Every structure is written in C-alpha cells, then in structure tokens.
Amino acid sequence: MIMTAPGGRRGYNTHNMPERTNKIWLADLRNPGPAQEAALADLRGIIQTGLKYTLQTWLSPNDPRYPSLVEEVTQDTLLRVLDRLDSFEGRSKFTTWVHSIAVRLALTELRRSKWRDVSLESLLEKDSDNFREREVTEPQPNPEAQVERNLLIEQVKQMMLEELTEKQRNAMLAVVIHGMPIEEVARRMDTNRNALYKLMHDGRLKLKQRLAREGLSVEEVLGVFEVM
Amino acid sequence: MSIFERFFRWFSKVLSPRKGKGDPLASLLHKLIAQLKDTRQIELGCDEVLAQLAQFAEMALRGEDMAKLMPLVKHHLDMCKDCSEEYAALLRILQSAI
Ligand SMILES: [Zn+2]
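What counts as what
Residues numbered from 1 in each chain as written. Chains lettered and ligands numbered in written order. Predicted model: local features only at pLDDT ≥ 70, side-chain atom pairs only at ≥ 80, totals over all residues. Heavy atoms only, no water. pLDDT = per-residue confidence, 0-100. Contact = heavy atoms within 4.5 Å. Axes fitted to C-alpha atoms, helices over the stretch in contact; angles between N-to-C directions. Helix = DSSP H or I, 4+ residues; strand = E, 2+ residues; numbered from the N terminus. Parallel < 35°, antiparallel > 145°, perpendicular 65-115°, else oblique. Nonpolar A, V, L, I, M, F, W, Y, C, P; charged D, E, K, R; others polar. Donors = N, O, S within 2.8 Å, 3.2 Å for Na, K, Ca; no water. Tetrahedral: all angles 85-135°; square planar, octahedral: opposite > 155°, others 65-115°. Buried < 20%, exposed > 50% of the residue type's maximum accessible area, 1.4 Å probe, protein only. Buried area = accessible area lost by both parts, 1.4 Å probe. Salt bridge = Lys/Arg side-chain N within 4 Å of Asp/Glu carboxyl O. Polar contact = N/O pair within 3.5 Å; in protein donor to acceptor, adjacent residues only side chain to side chain.

**Student:** What exactly am I supposed to notice about the confidence of the model for chain A here?
**Tutor:** As a general rule, the predicted coordinates of low-pLDDT regions are not to be interpreted in detail. Of all residues in chain A, 88% attain a pLDDT of 70 or more, and the chain-wide mean is 88. Note that residues 3–12 of chain A has pLDDT below 50 and, in this model, 11 contacts with residues that lie over four places away or in other chains.

**Student:** Please explain the packing of helix α9 (residues 193–213) of chain A against helix α3 (residues 46–61) of chain B as it appears in this structure.
**Tutor:** Any two packed helices are characterised by how steeply their axes cross, that is the angle between the axes, and by the distance between the axes. Viewed as axis vectors pointing N to C, α9 of chain A and α3 of chain B meet at an angle of 120°, and their least axial separation amounts to 7 Å. Accordingly, the angle class assigned to the pair α9 of chain A and α3 of chain B is oblique. On α3 of chain B, the residues that touch Arg193, Asn194, Tyr197 and Lys198 of chain A of α9 of chain A are Cys46, Asp47 and Glu48 of chain B. Taken together, the residues of the contact of α9 of chain A with α3 of chain B break down into 2 nonpolar, 1 polar and 4 charged.

**Student:** Help me understand the coordination of the zinc ion in this model?
**Tutor:** Each pair of donors in an ideal octahedron of six around a metal sits at 90 or 180 degrees, and each pair in an ideal tetrahedron of four sits at 109.5 degrees. Residue and element names in this part refer to chain B. Around the zinc ion, the donor atoms from the protein are Cys46 (SG), His76 (NE2), Cys80 (SG) and Cys83 (SG), and they sit 2.0 to 2.3 Å away. Because the angles between the 4 donor atoms bound to the zinc ion fall within 102 to 112°, the donor set is best described as tetrahedral. Of note, the zinc ion draws all its donor residues from one chain, in the sequence arrangement C-x29-H-x3-C-x2-C. Neither residue differs from the other here; His76 and Cys80 are each classed as buried.

**Student:** Where do I start with the interface of chain B and chain A in this structure?
**Tutor:** Where interface size is given, it is often the accessible area lost as the parts come together that is meant. With 48 residues of chain B at the interface, the matching set in chain A holds 54 residues. Contact between chain B and chain A buries roughly 5000 Å² in total, counting both sides, with carbon and sulfur atoms accounting for 64%. Across the pair Arg193 of chain A and Glu86 of chain B runs a salt bridge, and its minimum N-O distance is 2.9 Å. Our enumeration of links across chain B and chain A arrives at 23 residue pairs in polar contact (both at pLDDT 80 or more). Those elements that place two or more of their residues in the side of chain B that touches chain A are α1 (3–15), α2 (24–37), α3, α5 (71–79) and α6 (81–96) of chain B. At 13 residues, α2 of chain B tops the list of elements feeding residues into the side of chain B that touches chain A. Residue classes in the side of chain B that touches chain A are distributed as 23 nonpolar, 9 polar and 16 charged.

Rendered as structure tokens:
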C-alpha cells in the first residue's frame, strides 16, 4: 500500500507542489526515501484531480462507488507507474503519461461494472439466427432488383462465414452491432483488448481482400444494402 | 395452404409498412461492411496507442495536425471506441489544467 505523505495530507492542493521536470520525477520516484515519498504523495494528488475529469461523463460524485473507485484506481496507477518507469520515453510530460495510465484503469473498471450482467451468448443470440437461416423473399414492387439484392446479401453472408472464424465474427458483432467495449468482449473470450483488436483487424482485412477477389467494392455493397 | 391464404399473406406483406431497414441481416451486414471502408493494411493495437496517447494529446492540444504527424494513432482512435473514450477523458484532464 502506498501511503499518503507524512502528515497524511488530504484534500490535495497542487499549488504547494514543487514543479518537477520529467527528469526529477524519474529520479525522485526511482530511489526509496523521503524524495520518493513526497513524489508519490504529489502524484497521488495529481491522479485524483485528473480522475475527477475522467469520471465526469461516467459516474456521479454522489455515487456510492465513487470514493472507492477513485482510491482503487489511484493505488493501481501508482503501482503501475512505479513498475513501468523504464518504459516512459519522455515524449510527453511525465504527469500526462501518468494520467493516460489512470484513465485506462478507471475506464476499464467502469466498463466492467456497466456490462457486468451481459453475457455474450444472450447478446449474440439473434445475430446467430440471422446467420443461420434467412427469411423468404418478400414480394417487392421490383422483384428483379429484390432478387439481385438477396443474392448479394447471401453472397456477403457466405463470405463472412467462410473468411472469418467464429471468434472473429462474434467479436465483430458484439463490438460493431451491439456496442460492447472491446475490453469487455475480450474478457469474455479469455483474451485481452490488444489481441482482440488485432484479431478483428485481421478479419476485416480478410473480408476486404475477399470482396476484392469477388470483384465487389465496399461502396458498391454498401450502396445496395442501403436501399433496403 | 389455399390459394386464397397465399394471396392474403402476400397482400398483407405488401401493404404492411416497412420499417427503416426492413431486413435485419442486411442492416447487420451493412454495419460490418461499413467498417471495411476505413480498414488499412497496417493498424496499431490498443496497447501501442496507449503508449503514445500522452504525446498525441499534448500535440493535439497545441493545435498540431495529428492526422499528418501521428496518422496511425489518429486512425486507431477513429476505429476503436474504447481508445477514443480514453483519449477524450485525457483531453478533459489536460484542458482543465490550462
Ligand atoms: Zn483501441
């Protein structure tokens, strides 16, 4: 547990804080001692000020989960920062880098609780039906065009079934159609967000190449589906 | 099914108002295919983007042309909702400090 500064300052006031350059932040944080403790206390205050803005659109400060979330994320951020000091490349202010880590941890937690009760199976149930069977063609004012469209739909559906693995298809449906965060889909598929993004990217590339092989352009397909 | 029944079914279908994109599979495929428009051969993953997000945000706030300077990060933020939400939060933090 990383404790607050000696004297247990609360209600952090960034105005009393010494301005540190990136170099000084790193030096202070690298070696255990009073300088490190002071730097950690300052960083804690900075992270918590930032979290106020991060959480703005996600969670009311009156929400009972708010204080514990802030505390947990702050603690996890400090630990991660200390663990990864060497990976900081100095391309931004040190504190901006720290904020980027805190934001990722905070939103990860918020997404987890927001989607907690949603299972992938229930989410995708209807889509799977759609892929399995197809409704009989409805009579339309222009039957010929309708037949053509249906053929194209069938063709694209077939491509999705042939080019994508089930995992890729399910991930794309959950993310693109149902708006589930990649992070949450990844959790349910026992992978991580980075790997799942790449998996979906591979899928998109394969589909795109297949369309090209079939002599279809993305715009063309979209155009036909749009008039439906 | 009698001819009358068949006709009746057809008739009611023709007359029933079609909601927006009447075909669920078509609208589903449409959304999936739309993603291909912006698909590129080389794309960054979420972790690579996070590693550059701080720099990206600071430069963007200085008014730099990010599509030109860090096109891969910019593209990923356009494609990935998770990362773009995080970027938006980081911008809120940095803007509050100005
Ligand atoms: Zn991402």
